[in-house]
Amino acid sequence: EGLEGVQDVGVSEARSELGGDAGQAEPPLALVVEDEPHLARLLARSLEGEGFRVELAEGGPEASRLLRTRAHEAVLLVTERILPDGSEGMSLLRHGRALAPYLQGMVLDRKVRAGIPQERLREIREASRIPSDVPLLVSPLDPAAFLAEVRARVPRPTDDEEKPSDGGGILH
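This report concerns the structure included in the present document.

All right, on to the sheet that holds strand E4 (residues 104-113) then. What the 5 strands build is an open sheet, ordered E2-E1-E3-E4-E5; its pairing is parallel. With partners counted over all chains shown, the strands left at the sheet margins are strand E2 (53-57) and strand E5 (136-139), one partner each. Along the sheet, successive strands turn relative to each other by an average axial angle of 20°, direction set aside. Pairing of strand E1 (residues 29-33) with strand E3 (residues 74-80), which is carried by 5 bridges, proceeds in the parallel orientation.

What follows is the structure, encoded as structure tokens:
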């Protein structure tokens, strides 16, 4: 089973079909590079539940094309550390940040298990040149922890902040 069905399902499309969000800004874009369909769907649905539009890529060449055309509007790139085609997630993030310096990144590694000694995790980060501002998420992926990392990197206004009752409000 491929990722085709996930790519066509987005928050903005669902909202427009329902007639919602008229006149509001388009939701932020998250780019997800993941070749495993089940995990790609989990990530996409989690991000869409947080109000993101999601574009998916299965490998490095597809992700590079996606970055060339969409990095300027993306706020987040979630990528595997090493893709099956040999592409490196950090190379993709560096490419994306060259096009859009504000792009936030998160790196997944399904081969690294939770509970790994911190020294070994540090070695993996150094070998892959993963900077401290980019989380390395390990397996099994905890959806709540994933979304906490997303929220920490891409703050989203709450409904109260989007519609201040006193004419004020907090800007992010």
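A cis amide bond, omega -5°, links Ser-139 with the succeeding residue Pro-140. Mapped onto the elements, Pro-140 comes out in the loop between E5 and helix H7 (143-153). A positive phi angle is found at Arg-129, which is not glycine, with a value near 55°. Position of Arg-129 relative to the elements: it lies in the loop between helix H6 (118-127) and E5.

Here E4 pairs with E5 via 4 bridges, running parallel. Opposite Val-107, over in E5, you have Leu-136 as the bridge partner.

A few words now on the packing of helix H4 (residues 60-70) against helix H5 (residues 89-99). Where H4 contacts H5, the two axes come as close as 10 Å, and the packing angle between them is 10°. Between H4 and H5, the crossing angle belongs to the class labelled roughly parallel. From H4, Gly-60, Ala-63, Ser-64, Leu-67 and Arg-68 reach across to H5, where they touch Leu-92, His-95, Gly-96 and Leu-99. Residues of the contact of H4 with H5, tallied by class, amount to 4 nonpolar, 4 polar and 1 charged.

Bringing the pattern of salt bridges into the picture now. This model, assessed by the stated rule, comprises 14 salt bridges. Of the charged contacts in the structure, one is a salt bridge between Arg-110 and Glu-34, with a shortest N-O distance of 2.3 Å. Of the two residues, Arg-110 is situated in strand E4 and Glu-34 in the loop between E1 and helix H3 (37-49); the sequence distance between them amounts to 76 residues. When its relative accessible area of 34% is taken as the criterion, Arg-110 is described as partly exposed. Two residues, Arg-110 and Glu-80, come together in a salt bridge whose shortest N-O distance is 3.3 Å. Within this pair, whereas Arg-110 is found in strand E4, its partner Glu-80 is found in strand E3, the two being separated by 30 residues in sequence. Here Glu-80 falls in the buried class, since its relative accessible area comes to 6%. One connected set of salt bridges, linked through shared partners, spans Glu-26, Arg-53, Glu-55, Arg-70 and Glu-73.

Procedures and definitions
All residue numbers refer to position in the chain's written sequence, counted from 1. For this predicted model, a pLDDT threshold of at least 70 governs which residues receive local features, and a threshold of 80 or more governs which side-chain atom pairs are given and counted, while totals over whole chains, interfaces and linings are taken from all residues. To get the side-chain values, all heavy atoms of the structure are used, and hydrogens and water are removed first. Being paired, for any two strands, means DSSP has found at least two bridges between them. The way it works is that DSSP assigns letters per residue, a run of H or I at least four long becomes a helix, a run of E at least two long becomes a strand, and they are numbered from the N terminus. Only the stretch in contact is used when a helix axis is fitted, and all axes are lines through C-alpha atoms; the angle between N-to-C directions ranges over 0 to 180 degrees. Working rule for angles: under 35 degrees goes down as roughly parallel, over 145 as roughly antiparallel, 65 to 115 as roughly perpendicular, anything else as oblique. By definition in these notes, contact holds between two residues if any of their heavy atoms fall within 4.5 Å. Three classes are used: nonpolar for Ala, Val, Leu, Ile, Met, Phe, Trp, Tyr, Cys and Pro, charged for Asp, Glu, Lys and Arg, and polar for all others, with Gly counted as polar. In the sections that follow, a salt bridge refers to a side-chain nitrogen of Lys or Arg positioned within 4 Å of a carboxyl oxygen of Asp or Glu. Each residue is assigned to one of three classes by its accessible area relative to the maximum for its type, calculated with a 1.4 Å probe on protein chains only: buried under 20%, partly exposed between the two thresholds, exposed over 50%.

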